[in-house]
Amino acid sequence: MELYRFIVTSEEQEIPVVAVAENEDSAFRIVDRELDRTFLKKIRVDDIALVEKKRILKNGAGFVLHKRKSFE
């Protein structure tokens, strides 16, 4: 399993999304599903960017989410 960090760009905001999946295709599907579940009104997604990927080890894995000034 791997931990994926995404930046979803919509009309007026950037949304950080983290997903756990076996591969990148599954991770992108998870991001789509979570966006549908999170927002009451469907948002227009301009871009989904995979920013970082880490293998989950026995002692875990994590990301520090911080406000960005521009795309990494």
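Our subject is the structure listed above.
Owing to the predicted nature of the structure, the values given are computational and were not obtained by experimental measurement.

Peer 1: For the overall build of the chain, give the residues involved together with the corresponding values.
Peer 2: Helix and strand content of the chain: one helix and three strands. Traced from its N-terminal end to its C-terminal end, the chain shows the element sequence β-β-α-β. With respect to the three principal axes, the spread of C-alpha positions in the chain is 40 × 25 × 20 Å. About 5,400 Å² of surface is accessible on the chain, with carbon and sulfur atoms providing 50% of the total. One finds the centroid of the 14 positive side-chain charges in the chain at a distance of 4 Å from the centroid of its 14 negative side-chain charges.

Peer 1: Any details on the pattern of salt bridges? Residues and values, ideally.
Peer 2: Applying the stated criterion across every chain, the model contains nine salt bridges. The partner of Glu2 in a salt bridge is Arg55, and the shortest N-O contact between them spans 4.0 Å. Of this pair, Glu2 sits in strand 1 (residues 2-10) while Arg55 sits in strand 3 (residues 45-55), and the two are 53 residues apart along the sequence. Among the residues examined, Glu2 registers a relative accessible area of 13% and is labelled buried. On the basis of relative accessibility, which here comes to 51%, the residue Arg55 falls in the exposed class.

Peer 1: I'd love a proper account of a nonpolar patch on the surface, names of residues and values included.
Peer 2: Judged by side-chain polarity, Met1, Val20 and Ile56 come together as a nonpolar surface patch covering roughly 220 Å² of accessible area. Structurally, the position occupied by Val20 is in strand 2 (residues 14-21). For Val20, a relative accessible area of 39% translates into the label partly exposed.

Peer 1: Account for the sheet that holds strand 1, with residues named and values stated.
Peer 2: Read from one edge of the open sheet, three strands run 2-1-3, paired in antiparallel fashion. One side of each edge strand has no neighbouring strand; the edge strands of this open sheet are strand 2 and strand 3. Taken over all neighbouring pairs, the strand axes of this sheet differ in orientation by 25 degrees on average, direction set aside. In terms of strand pairing, strand 1 meets strand 2 through eight bridges, oriented antiparallel. Directly across from Thr9, in strand 2, lies its bridge partner Glu14.

Peer 1: Would you mind going over the pairing of strand 2 in detail, with residue names and values included?
Peer 2: Across the two faces of strand 2 the burial differs, with Ile15, Val17, Ala19 and Ala21 buried and Glu14, Pro16, Val18 and Val20 not buried at all. Between strand 1 and strand 2, which pair antiparallel in sequence order, lie three residues.

Parameters at a glance
Residues numbered from 1 in each chain as written. Predicted model: local features only at pLDDT ≥ 70, side-chain atom pairs only at ≥ 80, totals over all residues. Heavy atoms only, no water. Helix = DSSP H or I, 4+ residues; strand = E, 2+ residues; numbered from the N terminus. Areas by Shrake-Rupley, 256 points an atom, 1.4 Å probe, with all protein chains shown as cover. Lys, Arg positive; Asp, Glu negative; His and termini not counted. Charge placed at Lys NZ, Arg CZ, Asp CG, Glu CD. Salt bridge = Lys/Arg side-chain N within 4 Å of Asp/Glu carboxyl O. Buried < 20%, exposed > 50% of the residue type's maximum accessible area, 1.4 Å probe, protein only. Patch = residues over 30% accessible without salt bridge, like charges linked within 9 Å, V, L, I, M, F, W, Y side chains within 5 Å. Pairing = 2+ DSSP bridges. Axes fitted to C-alpha atoms, helices over the stretch in contact; angles between N-to-C directions.

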